[in-house]
Amino acid sequence: MTPPGEHPRRGVRLGVDVGNARVGVAACDPSGMLAHPVRTLPRDVEGDSDVEAIMALVEELEAIEVVVGLPRLLSGEEGEAARIARTYAGRLAARLGTVGVRMVDERLTTVDAHRRLRDSGVPGRGQRAVVDQAAAVLILQSALDTEARSGRPAGETVSPGGKRKKERRR
């Protein structure tokens with residue numbers, strides 16, 4: 001629930017699940033209430049065509065922010081996957097300019113996405129094509145719900161190059 005006197009930010013946000021082979025992308029409606037799948041992009045470490053595609057989606061949807069999942073270990077520590085996600089988020093921040101990039105904890109979203117797809121009747125083979133999108137939806141929806149409850153954007157701001165910005169307490 002948004003605190004009295006504060007209003008949730010309006011505007012489309014993109015959710016991004018960075019994987020080794022694919023990048024899942026989700027978006028929300030302009031009211032910032034409901035996340036939905038957009039597409040799965042092949043990961044392009046060398047040419048950055050996936051980053052270019054996200055930039056094009058930001059422009060096309062007039063997104064105000066990109067939320068990238070931070071895959072921490074169950075212990076809360078950050079491993080190699082988190083390092084890769086931070087580097088990716090930093091590249092996005094450097095290329096997007098005025099559009100903010102934030103990172104939110106996404107422990108177990110891919111596991112949860114697989115479970116939800118299985119429960120909805122999507123066969124194991126069919127999950128590969130959409131699991132990254134489903135994980136991106138879970139990442140974005142979690143961020144939207146957190147912002148709706150707290151009145152503040154979820155996660156941490158990413159500056160160009162992937163450096164963490166200290167969040168001011170309100």
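These remarks concern the structure in this document. What you see is a predicted model, and the numbers here were worked out from it, not measured in a lab.

**Digging into helix α2 (residues 80-96)**
- Its 17 residues give α2 an end-to-end C-alpha distance of 24 Å, which sits within 8% of 24 Å, the value for a rise of 1.5 Å per residue.
- Remark: Gly-97 follows α2 within two positions and exhibits a positive phi of approximately 65°.

**Digging into the pairing of strand β5 (residues 100-105)**
- The pairing of strand β4 (residues 65-70) with β5 spans six bridges and is classified as parallel. When the bridges of β5 are listed, Val-66 appears paired with Val-101.
- One crossover worth recording links β4 to the parallel β5 by way of α2, and it is right-handed.
- Of the pairings in the sheet, the one linking β5 to strand β6 (residues 156-157) comprises two bridges and is antiparallel in character. Each residue of the ladder has a partner; that of Met-103, found in β6, is Glu-156.

**A look at unusual backbone geometry**
- Phi angles above zero are rare outside glycine, and Asp-48 is one such case at about 60°.
- Position of Asp-48 among the secondary structure elements: in the loop between β3 (35-42) and α1 (49-61).
- Of the residues examined, Asp-48 reaches a relative accessible area of 13% and is grouped as buried.
- Not every positive phi belongs to a glycine, and Glu-62 is a case in point at roughly 55°.
- As for its position among the elements, Glu-62 is in the loop between α1 and β4.
- Here Glu-62 falls in the exposed class, since its relative accessible area comes to 65%.

Calculation rules
Position numbers for residues count from 1 along each chain, tracking the sequence in the order it is written. Since the coordinates come from a predicted model, pLDDT governs what is reported: local features require at least 70, and pairs of side-chain atoms require 80 or more to be given and counted, while whole-chain, interface and lining totals use all residues. With hydrogens and water excluded, all non-hydrogen atoms of the structure serve as input to the side-chain values. Counting from the N terminus, the helices are the DSSP runs of H or I reaching at least four residues and the strands are the DSSP runs of E reaching at least two. What a helix should span is 1.5 Å times the count of its residues minus one. Any two strands with at least two DSSP bridges between them are considered paired. Classification remark: right-handed applies to a crossover when, strands pointing away from the viewer, the course from the first strand over the helix to the second runs clockwise. Only protein chains enter the accessibility calculation, which uses a 1.4 Å probe. A residue is then buried if its area is under 20% of the maximum for its type, exposed if over 50%, and partly exposed in between.

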